[in-house]
Amino acid sequence: MTRHLRSLLDLSVAEAQSVIERAIELKSTALNVQPQPLQRRSVALIFEKPSTRTRVSFATGVSDFGGSCIFLSPEESQLGRGEPISDTAKVLSRLVDLIIIRTHAQTTIEELAQNASVPVINALSDLYHPCQVLADIQTYIEHRGSAKDIKAAWVGDGNNVCHSWINAARLFDFHISIACPRGFEPDPQIIQTNGDRVRLTSEPNQACDDADVIITDTWASMGQESEKRQREKIFKDFTVTEMLMKRAKPDALFMHCLPAYRGYEVDAEVIDGPQSVIWDEVENRLHAQKALMEFLLAESGNLS
Ligand code: CP
Ligand code: NVA
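The structure presented is a predicted model; accordingly, all values stated were derived computationally and were not measured. For every chain, the first residue of the written sequence is number 1, and numbering continues from 1 along that sequence. As a convention, the first chain written is A and the first ligand written is 1, with the rest following in written order. Reporting of local features is limited, given that this is a predicted model, to residues whose pLDDT is at least 70; pairs of side-chain atoms are given and counted only at 80 or more, and all residues count toward the totals for whole chains, interfaces and linings. As a convention, hydrogens and water are excluded, and side-chain values are obtained from all of the structure's heavy atoms.

On to the packing of aromatic side chains. Here a Phe, Tyr or Trp ring, Trp counted by its six-membered ring, pairs with any other such ring whose centre lies within 6.5 Å, and the pair is stacked when the planes are under 30 degrees apart, edge-to-face when over 60, and tilted otherwise. On inspection of all chains with the given rule, the structure shows 6 aromatic pairs. Ring centres of Trp-165 and Phe-174 lie 5.9 Å apart, and the angle between their planes is 65 degrees; on these two criteria the pair is classed as edge-to-face. One exposure class covers both Trp-165 and Phe-174, and it is buried. Plain terms: the ring middles of Trp-219 and Tyr-264 are 6.1 Å apart, the flat faces sit at 90 degrees to each other, and that makes the pair edge-to-face. In this pair, Trp-219 is assigned in the loop between strand 8 (213-216) and helix 9 (228-234) and Tyr-264 in the loop between strand 9 (253-256) and helix 11 (268-271), connecting sequence segments 45 residues apart. A 1.4 Å probe rolled over the protein chains alone gives each residue an accessible area, and that area as a share of the maximum for its type sets the label: buried under 20%, exposed over 50%, partly exposed in between. Accessibility expressed as a relative area gives 5% for Trp-219, which makes it buried. Only runs of H or I of at least four residues qualify as helices and only runs of E of at least two qualify as strands under DSSP, and these elements are numbered from the N terminus.

Here it is in structure tokens:
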């Protein structure tokens, strides 16, 4: 059966843990023996939104694994001229061994996966950003040993990255307190699915009290550019400041998927300060995604 990563919940608890363990292992042997699961194989990367980290980390990971990448954007492919996503899935499945897609609607990823006979990886949709949060959990575990029973605190927009953190709380057995302005809470269905893991508030202080990690993200995600000014007003009390960090445990980590807007969702003193692990999060995109690609190929019976 072809396995995909449409959201983190495509992985079982045991699988999610083993992907993280493998990511840590691949990182530690980065300069020694590299597995070559993609030798003489190619990977299609569809980007319908901009990217720096995701694009570069996947390209580097595929190259480490002996494969090559083909980048597609709507402007440069037939996707932009209305070729159905189901046809695109079948075409790419005949030509490449993996499909990685960053798009708007989660349903596009679902449809791609439904029609593809090779693994499809969600490289960000409006609803989820599972690859980011795999790397974030790897980062947390590397710094603190385990994510079990921790208190994570999310401050800001209840967006795609927040949704994947909620799923991670279930997979990795921790709780997450989420502080959002009213009307900007995470998707109610995602909260409901993971209800026992999530606490919602509109008070950043309350969310951050005694937290092990504080996480935030931009106030205006890709596709919300026209709301930027309005959101700056609505979110003005949701900046992660040094004062807010003090509500958390003294050794709490600070995380941000990047790109960041200093002075808005986070103050420079925090994101560039000693508790911030943002550069580890970036590097771990590479290792976590390599472990994920290897896992999906193996589970799909397509490991060379
Ligand atoms: N964090 C993240 O996914 O960054 P990019 O948009 O640069 O890929
Ligand atoms: N929430 C952000 C994440 C960027 C990596 C966005 O969707 O734009």
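We call a residue near a molecule or strand as soon as one heavy atom of that residue lies within 4 Å of the molecule or strand. Taken together, the residues surrounding ligand 1 are Ser-51, Thr-52, Arg-53, Thr-54, Arg-102, His-129, Gln-132, Cys-257, Leu-258 and Arg-285. For this analysis, a polar contact is any N or O atom pair within 3.5 Å, provided that within protein one partner can donate a hydrogen and the other can accept it, and provided that sequence-adjacent residues contribute only side-chain to side-chain pairs. Contacts to ligand 1 include Arg-53, whose side-chain N or O atom sits 2.8 Å from an oxygen atom. Between ligand 1 and His-129, the relevant distance is 2.8 Å, taken from an oxygen atom to a side-chain nitrogen or oxygen of the residue. A cavity here means a set of 1 Å grid points, computed over protein atoms only, where a 1.4 Å probe fits but cannot escape. A pocket is an open set with protein on both sides within 12 Å along at least 5 of 7 lines, and lining residues have an atom within 4 Å of a point. For a cavity or pocket, the test is whether more than half of a molecule's atoms lie within 2 Å of its grid points; if they do, the molecule sits there. Placement of ligand 1 is best described as lying within the largest pocket. As a working rule, the residues Ala, Val, Leu, Ile, Met, Phe, Trp, Tyr, Cys and Pro are called nonpolar, Asp, Glu, Lys and Arg charged, and the rest polar, with Gly in that last group. Of the residues contributing to the shell around ligand 1, the split by class is 2 nonpolar, 5 polar and 3 charged.

Looking now at empty space enclosed by the protein. Grid points are joined across faces, edges and corners, and a volume is the space filled by probe spheres set on the points. Across all of its chains, the model carries 1 cavity of 30 Å³ or more by this definition. Counted as a void, the largest cavity has a volume near 70 Å³. Residue lining of the largest cavity: Thr-218, Trp-219, Ala-220, Lys-228, Glu-232, Tyr-261, Tyr-264 and Glu-265, and that is the complete set. Looking at the lining of the largest cavity residue by residue, the classes come out as 4 nonpolar, 1 polar and 3 charged.

It is worth spelling out the site of ligand 2 at this point. In the region of ligand 2, the neighbouring residues are Leu-124, His-129, Asn-159, Asn-160, Asp-217, Thr-218, Ser-221, Met-222, Cys-257 and Leu-258. One nitrogen or oxygen atom from the side chain of Asn-159 is found 3.3 Å from a nitrogen atom belonging to ligand 2. Accessible surface is estimated by sampling points in the Shrake-Rupley manner with a 1.4 Å probe; for residues, cover comes only from the protein chains shown. Taking 270 Å² as the accessible area of ligand 2 by itself, protein coverage stands at 94%. Here ligand 2 is seated within the largest pocket. Here the residues of the shell around ligand 2 sort into 4 nonpolar, 5 polar and 1 charged.

Next up on the list: the sheet that holds strand 1 (residues 42-47). Any two strands between which DSSP finds at least two bridges are classified as paired. The strand order across the open sheet built from 4 strands is 2-1-3-4, with neighbouring strands paired in parallel fashion. Strands with a single pairing partner mark the edges of an open sheet, and in this sheet they are strand 2 (68-72) and strand 4 (120-122). Each neighbouring strand pair of the sheet contributes to a mean axis angle of 20 degrees, computed without reference to strand direction. Here strand 1 runs beside strand 3 (residues 98-102); their pairing, made up of 5 bridges, is parallel. Note on strand 3: the bridge partner recorded for Leu-45 is Ile-100. Fitting a line to C-alpha atoms yields each axis, with helices limited to the stretch in contact; the angle taken between N-to-C directions then spans 0 to 180 degrees.

This paragraph deals with the pairing of strand 6 (residues 175-179). With 4 of 5 residues buried, strand 6 lies mostly within the body of the structure. Of the strand pairs in this sheet, strand 5 (residues 151-155) and strand 6 are connected by 5 bridges, and their pairing is parallel. In the strand pairing of strand 6, Ala-153 is matched with Ser-177. You can see the chain leave strand 5, run along helix 6 (residues 160-172) and come back into strand 6, and the turn it takes is right-handed. With strands facing away from the observer, any crossover in which the path from the first strand over the helix to the second runs clockwise is taken as right-handed. Following the backbone out of strand 6, through helix 7 (residues 188-193) and into the adjacent parallel strand 7 (residues 198-201), one traces a crossover that is right-handed.

Coordinates in, geometry out; function isn't part of it.
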